[in-house]
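Residues per chain are reported as follows:
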Amino acid sequence: MILIYLLKVSACTLIFFAVYQFLLAKLTFFNFNRAYLLLMLLVSFGIPAITIENRHEVVVSSDQIPSKIAYNNDGFIEQDNEDGVSTINNSVHWDQLLIYSYCAILTILVFRMLFMMVRIQLQLHEHAINKDGDVILVDEQSAIKNCSFFNQIIVDSSLQSNEKDLIIKHESVHVQQLHAFDKLLANLVTAILWFNPIIYFWRNAIDHNHEFLADRGTTQSADKKVYASLLLNLAMPAKNLAVNSFSKLPLKNRIKMLYKEPNVKFQKLAYLAILPVLMICCMAFINREEVIITKTANGNQVAADAPKRPNVYAMNYLTSNIKVNPNANPAFNEVEPVLVIDAGHGGKDGAIAALDGQKEKDLNLRAVKILKEEAAKRGIRVILTRNADQYISLRDRLPKQEATAFISIHHNAALANTAAPFGGIEVYVSKLNGNIKAAEDLGAGILGKLKQLNGLAVKDSLKDANLLLLRESKVPAVLIEMGNISDAKTLDYINQEKNIRRISNLILDGYVQFSKRGC
């Protein structure tokens, strides 16, 4: 996400500017400081943009290859509902609002910068009296004077000849060293990071460094006392961000640097402090991505020397001391994961009604109880969010205990003034969940097994939905729509208990496959 990237960039600028302020700002190595300020500005943008891939090669048997994860977001979407009020997409709207606000302010600042550059040219055209090469003499009424703008040097025509010469010498340094391009970069970065207070201090540091460089270049062929006196006489704060002004506040630091003895060469070792700071920023802000390269072994046997599959899903919520039914034939050899199953709606929230009058909340609970029965036959521990007709808020449904996965069961139906929903089974995840990779694997595994179902259509790809249960679950979460209860054929299918048991076992097959992947 772009906002996360910009926050990481801002954090880098804070760290690098702190190093400059405490170690480098008082040194007289102005060229080194200029290089540092410009280079670290670019590095601040570069570090968070880097992604390091950590590749792991694993060998799996051909029957363990997961389904390719794809999304299809057409048609009906289940909606969050709290006390009759829809809560869907609130987070998306806030995210979009933040992005739109950021882009709007960025656009305004960029146009402001361009407007100021155009305004400078208009001022010069209006107040220019004489032009000699790159030197432009302007009248006293000009707001733009005693400064440089790219390769143009603007001087107040009312000044004495010796004062004009000093100003031209000073501004020539700015022009020759291309300081205008530094300012352009600094202003552009300030527009991009307008919310970051450090960037304004950074821009001022670049401006001050330019003046130190120009002051040093001027006094190599001019008397320091005369030059310092002229600085004081013409003292004025700069009002324009696009020009290099001859006399810019704070003058105290400029005159102090003018008379300061140059630092000895060994003090350049202070710049070595950049290296550990750079390493820290790289370790903190470079993105890391786990890439699993899956290779298929012939048959069902995995090579003996094949590397053990790493626990890339960080399933630290598994427990190894759970005992449910010692006499059951367990589905797992090493651990017994916990599956939390939610029957959607309930109590005063009856949701929608089927063609035959059944309420969705009751169909959801019936399907969930059958799913739990089938799980018990395999020795899989299941926790239900509700086992009766009761109202439970969305947040109270989220797993509070350690669990392997969270599945919410629903049915959909045709609503007035909306497109007809898909008639069969659909599996939802939320891309806004921080654990989306594991949720995708769970959803894709269940979807892959459900495709074996006969008699009821199954959507061939996952669907993304901004639902609270999916978005804020701390464990991998999916929502399964069991079918369209407004369709007579579908309703007849799901009214048969044997079909619900078949669907339940396919869901459990996908769940078992997912749970074993982290072992």
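Sequence order sets the numbering: in each chain, residues are counted from 1 along the sequence as written. In view of the model being predicted, local features appear only for residues whose pLDDT reaches at least 70, and side-chain atom pairs are presented and counted only at 80 or more, with totals across whole chains, interfaces and linings using the full set of residues. Water and hydrogen atoms were dropped before computing side-chain values, which therefore reflect all heavy atoms in the structure.

## Observations concerning the overall build of the protein chain
Consideration 1: Under the DSSP-based scheme used, a helix requires at least four consecutive residues in state H or I and a strand at least two consecutive residues in state E, with every element numbered from the N terminus. Counting its regular elements, the protein chain contains 15 helices and 15 strands.
Consideration 2: Only protein chains enter the accessibility calculation, which uses a 1.4 Å probe. A residue is then buried if its area is under 20% of the maximum for its type, exposed if over 50%, and partly exposed in between. Taking all 519 residues of the protein chain together, 49% fall into the buried category.
Consideration 3: Put simply, 77% of the contacts in the protein chain that link residues at least 6 apart link residues at least 24 apart.
Consideration 4: Of the roughly 26000 Å² of accessible surface on the protein chain, 57% is carried by carbon and sulfur atoms. Contacts are assigned to residue pairs that have any heavy atoms within 4.5 Å of one another. Areas reported as accessible are Shrake-Rupley estimates using a 1.4 Å probe. Residue values count occlusion only from the protein chains shown.

## Observations regarding the packing of helix α7 (residues 224-233) against helix α8 (residues 251-259)
Consideration 1: Every angle, taken between N-to-C directions, lies between 0 and 180 degrees, and every axis is a line fitted to C-alpha atoms, over only the stretch in contact when it is a helix. Running from amino to carboxyl end, α7 crosses α8 at an angle of 175 degrees, the nearest separation of the two axes being 11 Å. Classified by the interaxial angle, the pair formed by α7 and α8 is roughly antiparallel. Along the contact surface, α7 presents Lys 224, Lys 225, Tyr 227, Ala 228, Leu 231 and Leu 232, while α8 presents Leu 251, Arg 254, Ile 255, Leu 258 and Tyr 259.
Consideration 2: In this classification, the charged set is Asp, Glu, Lys and Arg, the nonpolar set is Ala, Val, Leu, Ile, Met, Phe, Trp, Tyr, Cys and Pro, and all remaining amino acids, among them Gly, are polar. Looking at the contact of α7 with α8 residue by residue, the classes come out as 8 nonpolar, no polar and 3 charged. Angles below 35 degrees are treated as roughly parallel, those above 145 as roughly antiparallel, those between 65 and 115 as roughly perpendicular, and all remaining angles as oblique.

## A closer look at the nonpolar core
Consideration 1: Here the nonpolar core consists of buried residues drawn from Ala, Val, Leu, Ile, Met, Phe, Trp, Tyr and Cys, with membership extended through side-chain atoms lying within 4.5 Å. With 48 residues, the main nonpolar core has Leu 450, Ile 480 and Ile 503 as its most contacted residues.
Consideration 2: By residue number, the principal contributor to this core is helix α15 (residues 497-517), which donates 8 residues.
Consideration 3: In contact with Leu 450, not counting residues within four places along its chain, are Ile 425, Val 427, Val 458, Ile 503, Leu 506 and Ile 507.
Consideration 4: Within the second largest apolar cluster, 35 residues are counted, among which are Leu 41, Val 189, Ile 206 and Tyr 271.

## Comments concerning unusual backbone geometry
Consideration 1: If you check the backbone angles, Asn 146 has positive phi at about 55 degrees while not being a glycine.
Consideration 2: Tracing the chain through its elements places Asn 146 in the loop between β5 (135-138) and β6 (147-149).
Consideration 3: Since its relative accessible area comes to 6%, Asn 146 is described here as buried.
Consideration 4: Within the chain, Leu 178 stands out as a residue other than glycine whose phi angle is a positive 60 degrees.
Consideration 5: Along the chain, Leu 178 turns up in the loop between α4 (161-176) and α5 (179-192).

## With respect to helix α6 (residues 197-219)
Consideration 1: Here the expected span of a helix is defined as 1.5 Å times the quantity of residues minus one. The terminal C-alpha atoms of α6 lie 34 Å apart, and with 23 residues this matches the ideal 33 Å at 1.5 Å per residue to within 8%.
Consideration 2: Two N or O atoms form a polar contact when they lie within 3.5 Å of each other; inside protein one atom must be a possible hydrogen donor and the other a possible acceptor, and for residues adjacent in sequence the pair counts only when both atoms belong to side chains. Looking at where α6 begins, the residue whose side-chain oxygen comes 3.1 Å from the main-chain nitrogen of Ile 198 is Asn 196.

## Re the confidence of the model for the protein chain
Consideration 1: Per-residue confidence from the predictor is reported as pLDDT, which spans 0 to 100. On average, residues of the protein chain carry a pLDDT of 81, and 79% of them reach 70 or more.
Consideration 2: Of all secondary-structure elements in the protein chain, the lowest mean pLDDT belongs to strand β3 (residues 85-86), at 51, while helix α2 (residues 30-46) reaches the highest, 94.
Consideration 3: Scored below 50 in pLDDT, residues 88-92 makes 13 contacts in the model with residues more than four places away or belonging to other chains.

## Details of the pairing of strand β11 (residues 381-384)
Consideration 1: In terms of strand pairing, strand β10 (residues 338-343) meets β11 through 4 bridges, oriented parallel. From the neighbouring strand, Leu 339 faces β11, where its bridge partner is Val 382.
Consideration 2: Each parallel crossover has a hand, and for β10 linked through helix α10 (residues 360-377) to β11 it is right-handed. Strands qualify as paired when DSSP identifies two bridges or more between them. By convention, orient the strands away from the viewer: a clockwise path from the first strand over the helix to the second makes the crossover right-handed.

## What to know about the pattern of salt bridges
Consideration 1: Here, a salt bridge means any side-chain nitrogen of Lys or Arg that lies within 4 Å of a carboxyl oxygen of Asp or Glu. Within the structure shown, the criterion is met by 14 salt bridges.
Consideration 2: A salt bridge links Lys 145 to Asp 156; the nearest nitrogen and oxygen atoms lie 3.7 Å apart. Of this pair, Lys 145 sits in the loop between β5 and β6 while Asp 156 sits in strand β7 (residues 152-156), placing them 11 residues apart in sequence. The same class applies to Lys 145 and to Asp 156, which are both buried.
Consideration 3: With a closest N to O distance of 2.6 Å, Arg 501 and Glu 373 form a salt bridge. With Arg 501 in helix α15 and Glu 373 in helix α10, this pair connects stretches of sequence that are 128 residues apart.
Consideration 4: A residue is classified by how much of its surface remains accessible, and Glu 373, at 40% relative accessible area, is partly exposed.

## Looking at a nonpolar patch on the surface
Consideration 1: Taken together, the side chains of Val 264, Phe 266, Leu 269, Leu 272 and Leu 275 make up a nonpolar region of the molecular surface, amounting to roughly 530 Å² of accessible area.
Consideration 2: Structurally, the position occupied by Leu 272 is in the loop between α8 and α9 (274-285). Only residues above 30% relative accessible area that lack a salt bridge enter a patch, with like-charged residues linked at up to 9 Å and the nonpolar side chains Val, Leu, Ile, Met, Phe, Trp and Tyr linked at up to 5 Å.

## Focus: the environment of Leu 432
Consideration 1: Locating Leu 432 in the fold gives a position in the loop between β13 (426-429) and α12 (436-450).
Consideration 2: Residue classification places Leu 432 among the partly exposed residues on the basis of a relative accessible area of 39%.

## Overview of the sheet that holds β13
Consideration 1: The mixed open sheet is built from 6 strands, whose spatial order is β11-β10-β12-β15-β13-β14. Two strands close off the open sheet at either side, each with one partner strand: β11 and β14 (463-464).
Consideration 2: Here strand β12 (residues 405-412) pairs with strand β15 (residues 477-484) via 6 bridges, running parallel. In the sheet register, His 410 faces β15, and the bridge partner there is Glu 481.
Consideration 3: In the packing of α10 onto the sheet, contacts are made with β10, β11, β12 and β15, and the angle to β12 comes to roughly 140 degrees.

## Considerations on the packing of helix α1 (residues 2-24) against α2
Consideration 1: Here α1 crosses α2 at 160 degrees, and the two axes come no closer than 8 Å. Between α1 and α2, the angle is such that the two are roughly antiparallel. As α1 runs across α2, the sense of the crossing is right-handed. Within the contact between the two elements, α1 uses Tyr 5, Val 9, Cys 12, Thr 13, Phe 16, Val 19, Tyr 20 and Leu 24 and α2 uses Asn 33, Tyr 36, Leu 37, Met 40, Val 43, Ser 44 and Phe 45. For a crossing to be left-handed, the near helix must be turned anticlockwise from the far one by less than a right angle; the clockwise case is right-handed.

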